[in-house]
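# Coordinates in review
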There are 2 protein chains.
Amino acid sequence: MSYRAPLEDMNFLLNQVFKIEDSLGGVEAFTDFDSELYSAILEEAAKFSENVLFPINRSGDEEGCHFENGTVTTPKGFKEAYQEFCQSGWQGTNGDPEYGGQGLPKALHVLIEEMIYSSNTAFCLYPSLTNGAYHAIHAHASDELKQTYLPPMLEGRWAGAMGLTEPHAGSDLGIIKTKAENNNDGTYSISGTKIFITGGEHDLSENIIHLVLAKLPGAPEGPKGISLFLVPKIKVNADGSLGDTNGVTCGSIEHKMGIKASSTCVMNFDGAEGYLVGKENRGLFAMFTMMNLERLSIGIQGIGLGETSYQLSKAYASERKQGRNADGEFASIDQHADVRRMLLQQRVFNEAGRALAVFMGLQIDKQYHHADETQRRQSAGLMALLTPIAKAFFTDKGYEACNHGVQVLGGHGYVREWGLEQLVRDAKIAQIYEGTNGIQAQDFMVRKVCLDKDGLLDAVCELIEKEIEVSTSAESEALKQALQTALSQFKSTSEWLKANFSARSYELQGGAVDYLHAAGHLVYGWMWLKIVNSLSESAAPNFKARKLLAANYYRDQVLPNVARLCEKVECGYEAVMAADSELI
Amino acid sequence: MSYRAPLEDMNFLLNQVFKIEDSLGGVEAFTDFDSELYSAILEEAAKFSENVLFPINRSGDEEGCHFENGTVTTPKGFKEAYQEFCQSGWQGTNGDPEYGGQGLPKALHVLIEEMIYSSNTAFCLYPSLTNGAYHAIHAHASDELKQTYLPPMLEGRWAGAMGLTEPHAGSDLGIIKTKAENNNDGTYSISGTKIFITGGEHDLSENIIHLVLAKLPGAPEGPKGISLFLVPKIKVNADGSLGDTNGVTCGSIEHKMGIKASSTCVMNFDGAEGYLVGKENRGLFAMFTMMNLERLSIGIQGIGLGETSYQLSKAYASERKQGRNADGEFASIDQHADVRRMLLQQRVFNEAGRALAVFMGLQIDKQYHHADETQRRQSAGLMALLTPIAKAFFTDKGYEACNHGVQVLGGHGYVREWGLEQLVRDAKIAQIYEGTNGIQAQDFMVRKVCLDKDGLLDAVCELIEKEIEVSTSAESEALKQALQTALSQFKSTSEWLKANFSARSYELQGGAVDYLHAAGHLVYGWMWLKIVNSLSESAAPNFKARKLLAANYYRDQVLPNVARLCEKVECGYEAVMAADSELI
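Quick caveat, the model's predicted, so the values are computed rather than measured.

Further remarks concern the overall build of chain A. Within chain A, the regular secondary structure consists of 19 helices and 13 strands. Expected size for 584 residues packed as a compact globule is a radius of gyration near 25 Å; at 24 Å, chain A falls within 12% of this value. Judged by the C-alpha coordinates and their principal axes, chain A covers about 75 × 55 × 55 Å. Residues classed as buried in chain A amount to 66% of the 584 residues present. Long-range pairs, those at least 24 residues apart, make up 75% of the contacts in chain A with a sequence separation of at least 6. In the structure as shown, chain A presents an accessible area of about 20,000 Å², 47% of it carried by carbon and sulfur atoms. Across chain A, the centroid of the 52 positively charged side chains sits 4 Å from that of the 75 negatively charged ones.

This paragraph deals with unusual backbone geometry. Across the chain, the bulk of peptide bonds are trans and the bulk of non-glycine residues have phi less than zero. Of note, Ile-259 of chain A is a non-glycine position whose phi angle comes to about 35 degrees, a positive value. Ile-259 of chain A sits in the buried class, given a relative accessible area of 2%.

What follows deals with the side chain of Gln-431 of chain A. Within the secondary structure, Gln-431 of chain A sits in the loop between helix H12 (420-428) and helix H13 (437-450). A polar contact is formed between the side chain of Gln-431 of chain A and the side chain of Lys-428 of chain A, at a distance of 2.8 Å. The contacts of Gln-431 of chain A, once residues within four sequence positions are left out, are Lys-391, Thr-395, Asp-396, Tyr-399, Thr-436 and Asn-437 of chain A together with Gln-407 of chain B.

Before going further, it helps to spend a moment on the domain arrangement of chain A. Once the domains are mapped, chain A shows domain 1 (140-284) and domain 2 (438-583). On a C-alpha basis, the centroid separation for the pair domain 1 of chain A and domain 2 of chain A is 38 Å.

Contacts between the two partners involve 89 residues from chain B, matched on the other side by 89 residues from chain A. Between chain B and chain A lies a buried interface of about 7,200 Å² when both sides are counted; carbon and sulfur atoms form 57% of it. Broken down residue by residue, the surface that chain B buries against chain A is led by Arg-340, Tyr-414 and Ile-584 of chain B, which jointly contribute 12%. At the boundary of chain B and chain A, one finds zero salt bridges. Per-element accounting of the side of chain B that touches chain A gives the leading share, eight residues, to helix H17 (residues 541-558) of chain B. Residue classes in the side of chain B that touches chain A are distributed as 35 nonpolar, 26 polar and 28 charged.

On to the nonpolar core. If you look at the biggest cluster of nonpolar residues, it comprises 353 residues, and the most contacted ones within it are Phe-490 of chain A together with Phe-490 of chain B. Phe-490 of chain B has contacts with Phe-444, Leu-457, Tyr-515, Ala-518, Ala-519, Leu-522, Val-562 and Cys-566 of chain B, leaving out every residue within four places of it along the chain.

The next thing to look at is the packing of aromatic side chains. Applying the stated criterion across every chain, the model contains 42 aromatic pairs over all chains. Ring geometry for Phe-349 of chain A and Phe-393 of chain A: centres 6.0 Å apart, planes at 75 degrees, overall edge-to-face. One end of the pair, Phe-349 of chain A, is in helix H9 (residues 337-369); the other, Phe-393 of chain A, is in helix H10 (residues 373-409), with 44 residues separating them in the sequence. Judged by its relative accessible area of 4%, Phe-349 of chain A is buried. Judged by relative accessible area, Phe-393 of chain A falls into the buried class, the value being 0%. Each residue in the set Phe-48, Phe-78, Tyr-82, Phe-85 and Phe-123 of chain A is aromatic and connected to the rest through ring pairs, giving one cluster. The positively charged end of Arg-282 of chain B is found above the aromatic ring belonging to Phe-285 of chain B, 4.3 Å away from the centroid. Over the ring of Phe-349 of chain B we find Lys-397 of chain B, and its NZ or CZ is 4.6 Å from the ring centre.

The next subject is the packing of helix H15 (residues 477-508) of chain B against helix H16 (residues 512-533) of chain B. All names here are of chain B. Relative to each other, H15 and H16 sit at 155 degrees, their axes nearing to 10 Å. Considering their axes alone, H15 and H16 lie roughly antiparallel with respect to each other. Read as a crossing pair, H15 and H16 show a hand that is left-handed. Residues Leu-479, Lys-480, Leu-483, Ala-486, Leu-487, Phe-490, Thr-493, Ser-494, Leu-497 and Leu-508 of H15 lie in contact with H16, whose contacting residues are Ala-512, Tyr-515, Ala-518, Ala-519, Leu-522, Gly-525, Trp-526, Trp-528, Leu-529 and Val-532. For the contact of H15 with H16, the per-class residue count stands at 16 nonpolar, three polar and one charged.

Under the UniProt annotation, the feature "domain: Acyl-CoA dehydrogenase/oxidase N-terminal" (unreviewed entry) is placed at residues 39-156 of chain A. End-to-end, the C-alpha atoms of residues 39-156 of chain A are 24 Å apart, and along that stretch the chain is 68% helix and 5% strand.

With that out of the way, let us pick up the relation of the copies chain B and chain A. For the pair chain B and chain A, the best superposition has an RMSD of 0.0 Å and corresponds to a rotation of 180 degrees with a translation of 0.0 Å parallel to the axis. The transformation relating the two chain copies, once decomposed into turn and shift, fits a two-fold axis. Relative to the rotation axis, the closest C-alpha in chain B is found at Arg-564 of chain B, a distance of 3.4 Å.

To continue, consider a negative patch on the surface. Residues and elements named next belong to chain A. A surface patch of like charges, here negative, comprises Glu-21, Asp-22, Asp-34 and Glu-36. On the secondary structure map, Glu-21 appears in helix H2 (residues 20-23). A residue is classified by how much of its surface remains accessible, and Glu-21, at 41% relative accessible area, is partly exposed.

Attention shifts here to the pattern of salt bridges. For the structure on display, the rule yields 71 salt bridges over all chains. For Lys-544 of chain A, the salt bridge is made with Glu-475 of chain A, and the minimal N-O distance between the two is 3.8 Å. Taken together, the positions of Lys-544 of chain A in helix H17 (residues 541-558) and Glu-475 of chain A in the loop between helix H14 (456-470) and helix H15 (477-508) put the pair 69 residues apart, joining distant regions of the chain. Glu-475 of chain A sits in the partly exposed class, given a relative accessible area of 36%. Salt-bridge contacts for Glu-351 of chain B lead to Lys-547 of chain B; the nearest nitrogen and oxygen are separated by 2.8 Å.

Procedures and definitions
Residues numbered from 1 in each chain as written. Chains lettered and ligands numbered in written order. Predicted model: local features only at pLDDT ≥ 70, side-chain atom pairs only at ≥ 80, totals over all residues. Heavy atoms only, no water. Helix = DSSP H or I, 4+ residues; strand = E, 2+ residues; numbered from the N terminus. Rg over C-alpha atoms; globule rule 2.2 N^0.38 Å. Buried < 20%, exposed > 50% of the residue type's maximum accessible area, 1.4 Å probe, protein only. Contact = heavy atoms within 4.5 Å. Areas by Shrake-Rupley, 256 points an atom, 1.4 Å probe, with all protein chains shown as cover. Lys, Arg positive; Asp, Glu negative; His and termini not counted. Charge placed at Lys NZ, Arg CZ, Asp CG, Glu CD. Polar contact = N/O pair within 3.5 Å; in protein donor to acceptor, adjacent residues only side chain to side chain. Domains from an automatic or database assignment. Buried area = accessible area lost by both parts, 1.4 Å probe. Salt bridge = Lys/Arg side-chain N within 4 Å of Asp/Glu carboxyl O. Nonpolar A, V, L, I, M, F, W, Y, C, P; charged D, E, K, R; others polar. Core = buried A, V, L, I, M, F, W, Y, C linked by side-chain atoms within 4.5 Å. Phe/Tyr/Trp six-rings, centres within 6.5 Å; stacked < 30°, edge-to-face > 60°. Lys NZ or Arg CZ within 6 Å of the ring centre and 35° of its normal. Axes fitted to C-alpha atoms, helices over the stretch in contact; angles between N-to-C directions. Parallel < 35°, antiparallel > 145°, perpendicular 65-115°, else oblique. Left-handed = near helix turned anticlockwise from the far one by under 90°. UniProt positions renumbered as here; feature names shortened; annotations may be inferred. Least-squares fit on C-alpha atoms with pLDDT ≥ 70 in both. Patch = residues over 30% accessible without salt bridge, like charges linked within 9 Å, V, L, I, M, F, W, Y side chains within 5 Å.

Structural data, given as structure tokens:
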């Protein structure tokens, strides 16, 4: 069983559903590109994912990373795959041409990311972290730092890593202890210990560029006293060549449930030389502007793994014969109702998630590159609202998909040989890192809805209403109705939340995860309606039939969950929050 | 962090909720026992689980089982723990005194099992399989076989294993290929390969007694042509001493997601000497009478792991400080609403599941030991209906609990050190083996409800109605109402199912898992009402407050799920089942 990139669906999304050429038509940065190029790039990414990355996915999990005397060695084949990744230019796909990137749209990049996560999530984390660090430096560092660090990062010659978490400080970064001292020569000395650092140390690249959160002496308490520093593993000479080692060492690597081929490091900074990125005490701000991109990327991990799970379990189910079908014949298990349910349950979330990822990619493209400020602000607003949903809902549903995949295979899903159980183990972390899904839900409910003054939610609801308005085909009629119902319920609960929040702000957060899930279900319903509305007469009959079957399944079996989730939110957590901790 | 057996809750269930002395008062087999003895035994089981089994749980997972030249070695400490387990008489707790067992009630045994699963699931599987094999032999084998095999099995000197699955035959046992030839001297020659055999080979016991499904020459096709054989690893001499090896060898062991200290074996039977258990071609029948016990046991694996997850994540949450509480103070995370939700979400299912397990234990005690045939039949009926629910719902909710546990710990839940991720990996298998949860749901919907002529479901509904009737306290009022609502919805959907089933039997099974979950939620609501109704004035205040908080949480946040699940069932799967497989 192997992974095949869903190119037909990807091209359909870019060209039919989101009409990328029109969408980005007015955006200068992308005027050189066209659909044909996008399609060719997707095809190349597919080949690389299928032929280079997927074949070392299970062996990478079996072998894991090695740690000896401060050195991390990645599993067999990873170094070669990384070389090929860099040589083919994949690291620079979405990077700024000024620094050697290809400047391709994020709407395309999300699909490339999906394929890489699908085929080898542990591998994908190395370039993904480099990409995150690249964006933070690009957005906030001085020109000098950018000139020095960005080009080799876009080549992949230098990798990136992000140093946020400390042993006592995870979700609560305000209490970190890592210190920065100003050397008054343009450099700072960074000292402290960071944990859970993905790609903190490895043997893939010539250098590793750490972005580290630290506190300056006398900085304010809490989140407003944190600064961001660029700390290279190996110092860089004025001419860009590598110089002396810096005081950056890896103390150990974690033994984890999954993503075993990705090194998760304890990093010690011992008076390491670092350079301020952005302003003093504005480190969290700098980090968070880039966090939306990272969160979307981690969300896509969920979609990618969900897609692989669907493909592997579908392939197994079509081969494995057990029991009898409706006609009494000895049958492949994909003819049994419950197996069909488990397969569709995976597919409807994977495909709606992919659509939302492309939609969000387009918003990022507009947010950063559109000439019109109103459009930039609108897209930024959509991203602000949709990012926590994407991160949490993509990954919750991706994890669920992988579990369905195991269940379809039964005992064969539980043994390592078929690869399904690895997907579950690899998918679990996506619900946790880059801000746990509980934190995403809190961000969504509190900051993006209840305390928001910019009408972020209204903007999304208006887009959903518009899609309902333009739906006129017979095929979309019932879905349109169901979406309207779900939208009304969600809006009503959102109003209720806003009305009650100031008096019950802490307690109502008990419903944050349900509220985010309600939003996720609603937004996926919107995506399904967009998909149905984009199925032209000329679509391949099977492709169309598959989409309609899934859309109708989503409408009947999934979308009505919104009502129940809203009901749970409005139920509140008064007694739960009033109780002493020992009663919980 | 360590596991502590929930003895207070266990004693409360036995004495207050189910009044075990009254319940089994009229049952001769148990007249020698009293609550004091039960309580003392639970305490001993707790000590053994906490002090002997839990300490080797993680090391057992890290080391796993070893396979070399057909020999399986269990991880360090397992042999010694097993010796102690046997010497303390735990294997014989629930066994027939005629064969050396202690004859204690199943209602007590389920709680002992829970503790062992809680503290070390992989270990627990060895005695659990012996127990299953013991019961099959006890119910169906000849006196001679029973006299020879049962006493050493109840001592644990000889272990048991069950050979059902073959490479091409899992859920569908009708198509097995293993052959039995009648040697016409009271013995049979068994040849074939069985896979996924838990405890098929190991170094814990002197002998392993395999119960093997096989086909005799000329036997009818399908499930009605299967016979059951007892096949010892080492042949037994007339005096009960061990003789020659038999043709039973272990070909390999599986590398699995979890339960790594439990050997999962490929077993080759090469003309091995076996003895018929029950009648020719009635092997599945013999196996299935014992299957209810095994399924309940595997269900309890879910509760046990859920309990450990709750305890470990609760302990972590009360120590770990991140963020601020409602009063703006730096706070342990168990003061945050979403963490409280995740902890309660674990506890309400664990505790209701434990109650149902005790209830079912009592039914087994009555089914096998009550003097009155009507009572025996009633209890057997309740078991028939509740077993698929218990197996699937206990394990689905146990798996969910373990995932909540990981999420409470965040990154620390994902690394191996804290033990939470192991619980997830160990819990996953329980949704698969002993009949996947999809198969349980099918059994429940089709055989136990739609095709049932004995009023199995009505009997449970009547018990729920009776509990509602006797609920008169103010504390139970709202729960009683909510349960009545859920019951009406569930009955209505059940009627709808029965009315539509004959015309749409294959298609409606798409809703089987949702229907079973609706039943599970309902039955747990019934358990919570029983618990609330059993909280006496004299209960310890904290114990009472904890139970009421959980019952009310269950009432508000969980029980109303029944309506949504029923809605999904009635939605049907017509389009899904009408579609070609390639469209799924």
